[in-house]
Amino acid sequence: MAESSIDPALPKEVRLRDLRPTEAPVIVLGRVVTASRREITRRSDGGRRPVLSGLLSDGTATVRFTWWDPPPQEIDRGTVLRAGPVQIREWQGRPEISFTWRTRVVEASEAELPRLIPEELPARRVADLSGGDEGFRLEVRILRAEAKPVTVGEERRLVHEGLVADDTGPLAFTAWTDFHLTEGEAVRIAGGYVRAFRGRPQLVLDERSHVDRIPGVGLPPAAAFVSAPPRAIALLEAERGSDLAVVEGLVVGLLPPSGLVYRCPSCRRSVTQGLCRLHGAVEGVPDLRARIALDDGTGALTVHADRAQTERLGGRTLEECLRRLRDTPDPGRLEEELFEALFGTRLRVTGRASVDDFGLTLFPREIAPVTPGVGGRAPALRDRLAREGRP
Ligand SMILES: [Zn+2]
């Protein structure tokens with residue numbers, strides 16, 4: 001490729017942030033963030049045409065790309081590609097790239113990606129971020145940071161995840177690189193990107209992200225979030241959830257499947273009549289869960305309690321449930337007993353709330369029963385619910 005691009009006929013390398021629809025030949029450089037291969041049926045002759053599509057990022061922006069007739073070998077995530085000339089179109093206000101038969105695609109090196117200078121990136125606030133955002137800096141407080149081992153293919157790796165916040169709210173983050181983030185410290189983060197994860201934005205940090213410690217003047221202390229007063233469920237729903245939701249309400253129901261369930265040993269999906277939706281006939285592994293309908297008077301949400309939480313709330317371990325089931329083979333009875341133990345109790349639940357097809361759902365980190373004070377309105381509500389609810 002020529003060094004100088006003074007001649008307008010020569011392709012020009014453009015940063016993804018500066019990409020605009022043009023007829024002029026353009027070269028792009030970026031790292032493959034996601035890529036998936038499929039086949040498209042041609043309308044003309046019904047023939048199949050392979051296409052690879054995904055996201056390309058150079059740290060200044062993330063752009064969707066479509067690669068027509070890609071090479072047969074796998075394109076791994078993280079591969080840096082230089083491609084040109086590419087076709088640029090706009091779709092819903094965002095540029096998109098196509099690699100056509102004229103496009104030459106070669107592997108490039110990580111070092112060729114633009115160097116990020118945190119000071120040059122625009123400052124953003126947590127509440128303004130949404131999926132696909134990139135090329136910004138963020139000043140936040142670390143509310144929580146923890147390392148979790150995960151299996152990627154054959155490999156065991158550590159993923160670092162947690163919560164950051166500024167005065168506009170909390171945001172979940174995930175990182176494959178250890179930035180040694182510790183709870184309570186204030187940091188400036190540059191060069192991360194935002195993806196939509198289970199209905200909520202999530203900040204992703206990679207090896208090219210910058211993290212600098214800052215004094216954090218003006219950032220709220222971590223305690224302001226962690227011991228926040230409960231929020232009205234109606235408000236939480238209007239805000240489409242939160243990464244750090246605190247709610248308090250009464251248990252008004254238990255949704256199926258709750259109680260003893262059987263899970264696929266490979267994917268953990270629940271097994272019905274010995275069949276996994278993905279793996280067919282499997283030997284289900286017993287598990288306990290509770291899908292609790294919680295109502296605070298302003299609205300209701302579903303709390304997904306895991307095994308440990310369900311054991312604590314129901315006062316019976318999985319082993320005890322299985323033993324009982326051997327004596328009295330009636331799984332419905334176990335669910336009824338769980339319902340009786342929970343119904344009308346007041347719970348304070350902290351966790352991640354998001355809106356999905358079933359409404360507002362909360363994945364709890366903590367569920368704590370709240371003992372109503374003498375003369376409080378909770379006992380009256382419980383009586384009312386008992387009259388209106390199940391006999
Ligand atoms: Zn399965």
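Cut-off values and rules
Residues numbered from 1 in each chain as written. Predicted model: local features only at pLDDT ≥ 70, side-chain atom pairs only at ≥ 80, totals over all residues. Heavy atoms only, no water. Pairing = 2+ DSSP bridges. Helix = DSSP H or I, 4+ residues; strand = E, 2+ residues; numbered from the N terminus. Axes fitted to C-alpha atoms, helices over the stretch in contact; angles between N-to-C directions. Contact = heavy atoms within 4.5 Å. Phe/Tyr/Trp six-rings, centres within 6.5 Å; stacked < 30°, edge-to-face > 60°. Buried < 20%, exposed > 50% of the residue type's maximum accessible area, 1.4 Å probe, protein only. Core = buried A, V, L, I, M, F, W, Y, C linked by side-chain atoms within 4.5 Å. Salt bridge = Lys/Arg side-chain N within 4 Å of Asp/Glu carboxyl O.

1. Topic: the sheet that holds strand S16 (residues 242-263)
Spatially, 5 strands are ordered S16-S19-S20-S22-S21 in a closed barrel, and the strand pairing comes out mixed. Put simply, the sheet's adjacent strands are angled 45° from each other on average, direction ignored. Here helix H5 (residues 331-342) sits on the sheet in contact with S16 and strand S19 (285-295), set at roughly 160° to S16.

2. Quick word on the packing of aromatic side chains
Counted by the stated rule, this structure contains 3 aromatic pairs. Considering the side-chain rings of Trp 67 and Phe 99, the 5.3 Å spacing of their centres and the 65° angle between planes classify their relative orientation as edge-to-face. On the criterion of sequence distance, the pair formed by Trp 67 in strand S4 (residues 62-68) and Phe 99 in strand S6 (residues 94-99) is long-range, its members being 32 residues apart. On the basis of relative accessibility, which here comes to 1%, the residue Phe 99 falls in the buried class. With a centroid separation of 5.0 Å and 25° between ring planes, the pair formed by Phe 339 and Phe 343 is classed as stacked. Owing to a relative accessible area of 9%, Phe 339 belongs among the buried residues under this scheme. One aromatic cluster is present, formed by Phe 65, Trp 67 and Phe 99 through successive ring pairs.

3. Quick look at the nonpolar core
Counting residues in hydrophobic clusters, the biggest one holds 24 residues, and the most contacted among them are Val 247, Ile 292, Leu 294, Leu 301, Val 303, Leu 347 and Val 349. Taken together, the elements giving at least two residues each to this core come down to helix H2 (233-238), S16, S19, strand S20 (300-305), H5, strand S21 (346-356) and strand S22 (359-369). Counting residues in each nonpolar core, the second largest holds 19 residues, with Leu 16, Ala 61, Ile 75 and Ile 88 among its members.

4. Re the pairing of strand S9 (residues 137-152)
Looking at chain direction, strand S8 (residues 123-124) and S9 are connected through 2 bridges and run parallel. Bridge assignment links Arg 124 to a residue of S9, and that residue is Leu 138. With 5 bridges connecting them, S9 and strand S12 (residues 186-190) associate as antiparallel partners. In the sheet register, Arg 141 faces S12, and the bridge partner there is Ala 186. In terms of strand pairing, S9 meets strand S10 (residues 155-166) through 11 bridges, oriented antiparallel. Looking across to S10, one finds that Val 150 is bridged to Arg 157. Here S9 folds back onto S10, and the loop between the two strands holds 2 residues, one of which, Gly 153, carries a positive phi near 65°.

5. Details of the pattern of salt bridges
Per the counting criterion, the structure on display carries 30 salt bridges. Among the ionic pairs, Asp 133 bridges to Arg 124, the shortest N-O distance being 3.1 Å. When its relative accessible area of 13% is taken as the criterion, Asp 133 is described as buried. Notably, a salt bridge pairs Arg 231 with Glu 239, separated by 2.4 Å at the nearest N-O pair.

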